[in-house]
Amino acid sequence: MSNTAATAPEISHPSQLPAVDKVLLAIEMQMLRESYGLDACTKAVRDVLTGLRQQLLGFADQPGQTLQADIGSIVQAAQRQLQARFAPRLQPVFNLTGTVLHTNLGRALLPQAAIDAVVQAMSSPANLEYDLEDGSRGDRDDLVESLICELTGAEAATVVNNNAAAVLLVLSTMATGKEVVVSRGELVEIGGAFRIPDVMTRAGARLVEIGTTNRTHEKDYAEAIGENTAALMKVHCSNYAITGFTKAVSDADVARIAHDSNLPMIVDLGSGTLIDMRDWGLPYEVTVRETVESGADIVTFSGDKLLGGPQAGIIVGRKELIARIKKNPLKRALRVGKITLAALEPTLRLYLNPEKLAQELTTLRLFTRKASDMQTQAEQLQPLLQQALGQDYVVETAAMNSQIGSGALPVENLPSFGLRIYPASGKQAGRQLTRLEARFRGLPRPVIGRLHDDALWLDLRCLENPAQALFAAQLSRLA
Ligand SMILES: *Cc1c(COP(=O)(O)O)cnc(C)c1O
């Protein structure tokens, strides 16, 4: 509603505004009513008129002020509001941050088999808790338990909403009103307010801290055990590394100390991988199977970190403990829905064929992409991007390092390639860079990069080929 348009009449008092009904019945409104319905259109028109009324009332002490409020411009304002209100909030973006499992961008991309299964589970009834053999009531965990056991060597398994829920449920089942012994070097905080000490409190367990930040010894565990001890617990150093003068006690030794006192050992593995990642040329991360074999009685890990599946928390371990965990009333509150199980089952099944895993499991395919592939892409995209941005910016191809992310292997890098963009002139370079980042975020499919060393870095690891075309097609909008 500009104050300058010459054609439309200008008004200066709220009484000159058209009535809501008059706007709704206007011919210009018809298309909007068909798209969005009468209720939403009425609300939008009302909001626009309220805004105009307030603006006009503000004119009371500024005589001579007018604004344009003809039906056409009111409908246009209503349309903008309706478009914004009906636009999806959750939208696809390009993750060019270099962090493959980016928690803020939704972590693992699911394999096609999982996507297909989810679509089917959403559109058809399924045997979620129904035994097709004898027509009786089933248990939703049965859909995946045997697969999980086969892949981890555990006796039993159950699935909950995420790993935080898994840790809460385990502690609430095994340690309420009792003590759990954890090394000070492992009192992890995961982004988004998951702190082991806080979860412990919520589960009604008392944390007994032992050792120091950098060193914990076997005798620290042994001496902490008392008549109130429920378990010894190890927590994976997911998002940090303690280096230098350090000492930690191995899983096997903690398990032995626990078992000598007839206590269980719990491991929160965080990411939890089902494969030896070195077989794919990746850095080593302890596997769930190794942790189970080292003597852990209960192991918890995420479904959407290294595993590459949907958000879930997987609990594996000794049969009698899993049975107790499943009987905890909290299990019902933390259980997963059919969509999660539909995605998890085919994801797990991919692991039965390791030869095809790097091709079919999307996350592993992204982890194992060769830097030379990304270099080829960078060379193709560099001239397009330089052209779109013009002379104000320099676009260069550059070697860079990707990260696995989500607190898996925080100090290991994956050699990658991409584009490095920086302002051509040093004048107000910082502001120019922030503006550039915002322009990428403002594209139809927002592009999320990383600001680092006075440049915007676009790591192409997560831009596989079909997506590259989509990425290139919208670059002209940057201009
Ligand atoms: C990631 C992580 C969690 C939380 O897992 P979510 O699946 O995100 O709930 C808990 N503990 C550790 C050690 C982790 O790395």
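Residues numbered from 1 in each chain as written. Predicted model: local features only at pLDDT ≥ 70, side-chain atom pairs only at ≥ 80, totals over all residues. Heavy atoms only, no water.

In the annotation of an unreviewed UniProt entry, the entry for the protein chain reads L-seryl-tRNA(Sec) selenium transferase, and the organism field reads Comamonas testosteroni. Looking at the protein chain in UniProt, the text filed under Function (unreviewed entry) is "Converts seryl-tRNA(Sec) to selenocysteinyl-tRNA(Sec) required for selenoprotein biosynthesis." Checking UniProt for the protein chain, the heading Cofactor (unreviewed entry) contains the comment "pyridoxal 5'-phosphate". (UniProt positions renumbered as here; feature names shortened; annotations may be inferred.)

**So, the overall build of the protein chain**
Helix and strand counts for the protein chain stand at 19 helices and 20 strands. Counting all 479 residues of the protein chain, 47% fall into the buried class. Here the contacts in the protein chain between residues at least 6 apart in sequence split such that 74% fall between residues at least 24 apart. Accessible surface for the protein chain amounts to roughly 23,500 Å². Of this, 50% is attributable to carbon and sulfur atoms. For the protein chain, the distance from the average site of its 48 positive side-chain charges to the average site of its 53 negative ones is 5 Å. (Helix = DSSP H or I, 4+ residues; strand = E, 2+ residues; numbered from the N terminus. Buried < 20%, exposed > 50% of the residue type's maximum accessible area, 1.4 Å probe, protein only. Contact = heavy atoms within 4.5 Å. Areas by Shrake-Rupley, 256 points an atom, 1.4 Å probe, with all protein chains shown as cover. Lys, Arg positive; Asp, Glu negative; His and termini not counted. Charge placed at Lys NZ, Arg CZ, Asp CG, Glu CD.)

**Brief notes about the site of the ligand**
Lining the immediate surroundings of the ligand are 13 residues, of which Ala164, Ser238, Asp268, Ser302 and Lys305 lie closest. Within the contact set of the ligand, a nitrogen atom lies 2.7 Å away from a side-chain nitrogen or oxygen of Asp268. The set of elements that each furnish at least two residues to the shell around the ligand consists of α7 (163-174) and β13 (265-270). (Near = heavy atom within 4 Å. Polar contact = N/O pair within 3.5 Å; in protein donor to acceptor, adjacent residues only side chain to side chain.)

**Side note on the sheet that holds strand β7 (residues 156-160)**
The seven strands lie next to each other as β7-β15-β14-β13-β12-β8-β11, forming an open sheet whose pairing is mixed. Among the strands making up the open sheet, the edge pair consists of β7 and β11 (206-210). Mean inter-strand twist for the sheet, computed between neighbouring axes without regard to direction, equals 25°. Direction of pairing for β13 relative to strand β14 (residues 298-302): parallel, over a ladder of four bridges. Looking at the pairing, Val267 lines up with Val299 of β14. Where helix α10 (residues 251-260) meets the sheet, it contacts β12 (229-235) and β13, and its direction lies at approximately 180° from that of β12. (Pairing = 2+ DSSP bridges. Axes fitted to C-alpha atoms, helices over the stretch in contact; angles between N-to-C directions.)

**Some remarks on the domain arrangement of the protein chain**
Taken domain by domain, the protein chain holds domain 1 (10-86), domain 2 (94-103 + 366-477) and domain 3 (112-358). For domain 1 versus domain 3, the separation of C-alpha centres amounts to 56 Å. (Domains from an automatic or database assignment.)

**A word on a negative patch on the surface**
Together, Asp131, Glu133, Asp134 and Asp142 make up a region of like negative charge exposed at the surface. Mapping Asp134 onto the fold places it in the loop between β5 (130-131) and β6 (136-137). On the basis of relative accessible area, Asp134 is assigned to the exposed category, the value being 55%. (Patch = residues over 30% accessible without salt bridge, like charges linked within 9 Å, V, L, I, M, F, W, Y side chains within 5 Å. Salt bridge = Lys/Arg side-chain N within 4 Å of Asp/Glu carboxyl O.)

**With respect to the packing of aromatic side chains**
Scanning all chains against the criterion turns up two aromatic pairs. The interplanar angle of 50° and the centroid separation of 4.7 Å between the aromatic rings of Tyr36 and Phe86 together place this pair among those described as tilted. Within this pair, whereas Tyr36 is found in helix α2 (residues 30-36), its partner Phe86 is found in helix α4 (residues 71-86), the two being separated by 50 residues in sequence. Between the aromatic rings of Phe94 and Phe471, the centroid separation amounts to 5.5 Å while the plane-to-plane angle is 85°, which identifies the pairing as edge-to-face. Of this pair, Phe94 sits in strand β3 (residues 94-95) while Phe471 sits in helix α19 (residues 465-473), and the two are 377 residues apart along the sequence. One residue, Arg445, lies across the ring of Phe94, its end atom 5.4 Å from the ring centre. (Phe/Tyr/Trp six-rings, centres within 6.5 Å; stacked < 30°, edge-to-face > 60°. Lys NZ or Arg CZ within 6 Å of the ring centre and 35° of its normal.)

**Quick word on the UniProt feature "modified residue: N6-(pyridoxal phosphate)lysine" (unreviewed entry) in the protein chain**
On the UniProt side, "modified residue: N6-(pyridoxal phosphate)lysine" (unreviewed entry) is annotated at positions that read Lys305 here. In this fold, Lys305 is placed in the loop between β14 and β15 (313-317). For Lys305, a relative accessible area of 4% puts it in the buried group. Here Lys305 is in contact with Leu101, Arg107, Ala108, Gly270, Ser271 and Ser406, once residues within four sequence places are set aside.

**Some points on the pairing of strand β17 (residues 414-423)**
With seven of 10 residues buried, β17 is to be regarded as a mostly interior element. By the bridge criterion, 10 bridges tie strand β16 (residues 393-405) to β17 in an arrangement that is antiparallel. Across the sheet, residue Glu396 finds its bridge partner in β17, namely Arg420. Across four bridges, the pairing between β17 and strand β20 (residues 455-459) is antiparallel. Following the sheet pairing, Leu419 is matched in β20 by Leu458.

**Remarks on the pattern of salt bridges**
All chains considered together, the criterion is met by 21 salt bridges. Notably, a salt bridge pairs Arg206 with Glu179, separated by 2.8 Å at the nearest N-O pair. In this pair, Arg206 is assigned in strand β11 and Glu179 in strand β8 (residues 179-183), connecting sequence segments 27 residues apart. The closest approach of N and O atoms between Lys234 and Asp251, which form a salt bridge, is 3.5 Å. In this pair, Lys234 sits in strand β12 while Asp251 sits in helix α10, placing the two residues 17 residues apart along the sequence. Both residues of the pair, Lys234 and Asp251, count as buried. A single salt-bridge network, built from bridges that share partners, covers Glu129, Arg137, Arg140 and Arg335.

**Focus on the UniProt feature "domain: L-seryl-tRNA selenium transferase N-terminal" (unreviewed entry) in the protein chain**
The positions that UniProt labels "domain: L-seryl-tRNA selenium transferase N-terminal" (unreviewed entry) are, in the present scheme, residues 15-53. Overall, residues 15-53 shows 74% helix and 0% strand. The separation of its end C-alpha atoms is 9 Å.

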